[in-house]
Amino acid sequence: MHDYESFNPDLICALAGVVGEDNVLMVEPMKLHTTFKIGGPADLLVKPQDPQQLVRVLDTCAFAETPVTVVGNGSDLLVSDRGIRGVVVLLRENMADVRIEGTRVIAQAGALLRDVALAAADAGLSGLEPLWGIPATVGGACFMNAGAYGGQTSDVLESVDVYVPSKRGQRGSVCTLDVDQLNMGYRKSRVNTDGLIVLSATFKLTPDSPDAIRFAMDDFQARREEKQPLDMPSAGSTFKRPEGYFAGKLIMDAGLRGASVGGAQVSEKHCGFVVNTGRATAADVCALIAHIQDEVKAQFGVDLEPEVRRVGEFD
């Protein structure tokens, strides 16, 4: 059920005045903006075209006391079947500039890690190779300290420019935070815990041969394609790695390979992934996650914590 106060015509006009009418969408299906291909409608979806527009959009929503949800590539999100109330701010190809300055790469929040890594490789800059296949934006990678194959965002991140929300009805502020101010750990950072919104990030890399960098990137990609269900919609690894264990092996050992609820299924290829077989709902995914947690807890005494974030109206 929509909160029609979110459709305040003054708010819509104000947002359109910032980003242009074509970049304000009403009742936009979020399944079009998540890698799970699941999700009901956003009341309003707004696409700012640069950091200045993004700040103005966030301030406008703060003045209107309207809730804001920021979405990048939607690669770690499970959006409710009922959708998201308020304003969704989409940061992807609309805010994805990447530039090289010496050994630094500066990327806007909507740039895909893949594109940032490719630009770095072309410039002979190493450090992003383990991350390049992660289907996240720069903002999302900073939010959750995305990582793979022994590398994580914090290893190469130097600083971030962020919007710091203020109290409702008041303008926020913009500041630069060094990586050591972000409290980055396993799948967490201050960007998440403090509700910060990334405008851009600076990565400090190391010079190397472009051929060597490309070789490493190809190797990581081959490993992903061999082991992960990249041909099916998912939100990546469904669970965080429990200390001393691997979530996928626990799920497999619990006899849950291929287990399903509705259109949601434990991947036959990698049990650490829940995939959408084509008709899954968010409710299906939630029910399957709960079933997996119950079985693993009952059989092995291990609590599995979801890595996938639920967004929107859930019971």
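To keep things clear, this report deals only with the structure shown in the data block. In this text the structure is predicted, and so the values were computed from the model without any measurement. (Residues numbered from 1 in each chain as written. Predicted model: local features only at pLDDT ≥ 70, side-chain atom pairs only at ≥ 80, totals over all residues. Heavy atoms only, no water.)

## Some points on the overall build of the protein chain
Definition in use: Starting at the N terminus, helices and strands are each numbered in turn, a helix being any DSSP run of H or I of at least four residues and a strand any DSSP run of E of at least two. For every residue, the accessible area (1.4 Å probe, protein chains only) is compared with the maximum for its type, and the residue is labelled buried under 20%, exposed over 50%, or partly exposed between those bounds. Residue contacts are counted whenever heavy atoms from the two residues lie within 4.5 Å of one another.
Scanning the protein chain for helices and strands turns up nine helices and 18 strands. In terms of principal-axis extent, the alpha carbons of the protein chain reach across some 55 × 55 × 30 Å. Among the 315 residues that make up the protein chain, the fraction classed as buried is 51%. Put simply, of all contacts in the protein chain between residues at least 6 apart along the chain, 65% involve residues at least 24 apart.

## Thoughts on the nonpolar core
Spelled out, the test is: What is meant by a nonpolar core is a set of buried Ala, Val, Leu, Ile, Met, Phe, Trp, Tyr and Cys residues, joined one to another through side-chain atoms within 4.5 Å.
Formed by 59 residues in total, the largest nonpolar core has its most connected members in Leu15, Leu128 and Phe203. In terms of residue count, the dominant contributor to this core is helix H1 (residues 9–19) (six residues). Leucine 128 has contacts with Val116, Ala117, Ala120, Val156, Phe203 and Leu205, leaving out every residue within four places of it along the chain. Listed in part, the 26 residues of the second largest apolar core include Ile38, Ala259, Ala282 and Cys286.

## With respect to the pattern of salt bridges
The criterion, for reference: Throughout this description, the term salt bridge denotes a Lys or Arg side-chain nitrogen within 4 Å of a carboxyl oxygen of Asp or Glu.
Summed over the entire model, instances satisfying the criterion amount to 16 salt bridges. In this structure, the salt-bridge partner of arginine 171 is aspartate 59, at a minimum N-O distance of 3.2 Å. Residue arginine 171 is found in the loop between strand E11 (157–164) and strand E12 (173–178), and its partner aspartate 59 is found in helix H2 (residues 51–63); the two are separated by 112 residues along the sequence. For aspartate 59, a relative accessible area of 5% gives the class buried. A salt bridge links arginine 99 to glutamate 101; the nearest nitrogen and oxygen atoms lie 2.9 Å apart.

## Topic: the packing of aromatic side chains
Condition: Here a Phe, Tyr or Trp ring, Trp counted by its six-membered ring, pairs with any other such ring whose centre lies within 6.5 Å, and the pair is stacked when the planes are under 30 degrees apart, edge-to-face when over 60, and tilted otherwise. The criterion for a charge sitting over a ring is simple: Lys NZ or Arg CZ within 6 Å of the ring centre, and within 35 degrees of the ring normal.
Overall, the coordinates contain one aromatic pair when judged by the stated rule. It is arginine 310 that lies over the ring of phenylalanine 314; its NZ or CZ is 5.8 Å from the centre.

## Remarks on the sheet that holds strand E3 (residues 68–71)
For clarity, the threshold we go by: Strands pair, by our definition, only if DSSP identifies at least two bridges between them. Lines fitted to C-alpha atoms define the axes, with helix axes restricted to the stretch in contact, and inter-axis angles between N-to-C directions lie between 0 and 180 degrees.
Within the open sheet, the four strands sit side by side as E1-E2-E5-E3. Their pairing is mixed. Looking at which strands have only one partner, the edges of the open sheet turn out to be strand E1 (24–29) and E3. Strand-to-strand twist across the sheet, computed as the mean angle between neighbouring axes with direction ignored, equals 35 degrees. Both E3 and strand E5 (residues 84–90) contribute to a ladder of four bridges, which runs parallel. Counterpart to valine 70 in the pairing with E5 is valine 89. Strands in contact with H2 are strand E2 (41–46), E3 and E5; relative to E5, the strand with the most contacts, it is inclined by about 165 degrees.

## Considerations on the environment of alanine 212
By the element assignment, alanine 212 lies in helix H7 (residues 210–227). Sequence-wise, alanine 212 and serine 126 are 86 residues apart; in three dimensions their C-alpha atoms are separated by 8.9 Å.

## Quick look at H1
Here is the rule we go by: An arc is given here, and it is the one of the directions from the helix axis to the C-beta atoms. Polar contact is the term for a pair of N or O atoms within 3.5 Å; when the atoms are in protein, one must be able to donate a hydrogen and the other to accept it, and sequence-neighboring residues count only if both atoms are side-chain atoms.
Listed in full, the buried residues belonging to H1 are Leu11, Ile12, Leu15, Ala16, Val18 and Val19. Taken down its axis, H1 places every buried residue within 160 degrees of arc, on the same side. Of the exposed residues in H1, those oriented more than 90 degrees away from the buried face are Pro9, Asp10, Cys13 and Gly17. For H1, the elements touching its buried residues are E1, E2, H2 and E5. Between a side-chain oxygen at the N-terminus of H1 and the backbone nitrogen of aspartate 10 the separation is 2.7 Å; the capping residue is asparagine 8. Positive backbone phi, at 95 degrees, marks glycine 20, one or two positions downstream of H1.

## A few points about the sheet that holds E12
The strand order across the open sheet formed by five strands is E6-E7-E13-E11-E12, and the pairing between neighbours is antiparallel. Looking at which strands have only one partner, the edges of the open sheet turn out to be strand E6 (98–101) and E12. This sheet shows a mean twist of 15 degrees between the axes of neighbouring strands, independent of strand direction. Note that strand E7 (residues 104–108) and strand E13 (residues 197–204) share five bridges and pair antiparallel. For arginine 104, the partnering residue across the bridge sits in E13 and is lysine 204. Running at roughly 145 degrees to E13, H2 makes contact with E7, E11, E12 and E13 of the sheet.

## Re the packing of helix H3 (residues 113–122) against H7
In plain terms, the rule: Any angle from 65 to 115 degrees is called roughly perpendicular, while one under 35 is roughly parallel, one over 145 is roughly antiparallel, and all others are oblique. Amino acids are sorted into nonpolar (Ala, Val, Leu, Ile, Met, Phe, Trp, Tyr, Cys and Pro), charged (Asp, Glu, Lys and Arg) and polar (every other residue, Gly among them).
The contact between H3 and H7 brings their axes to 8 Å, and the two run at 150 degrees. The angle between H3 and H7 places the two elements in the roughly antiparallel class. Between H3, through Ala117, Leu118, Ala121 and Asp122, and H7, the contact on the second element is made entirely by Pro210, Ile213, Arg214 and Met217. For the contact of H3 with H7, a count of residues per class yields six nonpolar, no polar and two charged.

## A look at H2
Worth spelling out the cut-off: For a helix, the expected span equals 1.5 Å multiplied by the number of residues minus one.
Look at H2: 18 Å from first C-alpha to last across 13 residues, which is about the 18 Å you get at 1.5 Å a residue. In terms of burial, H2 is a largely internal element, ten of the 13 residues being buried. All buried positions along H2 are accounted for by Pro51, Gln53, Leu54, Val55, Val57, Leu58, Asp59, Thr60, Cys61 and Ala62. Glutamate 65 sits one or two residues past H2 and shows a positive phi near 55 degrees.

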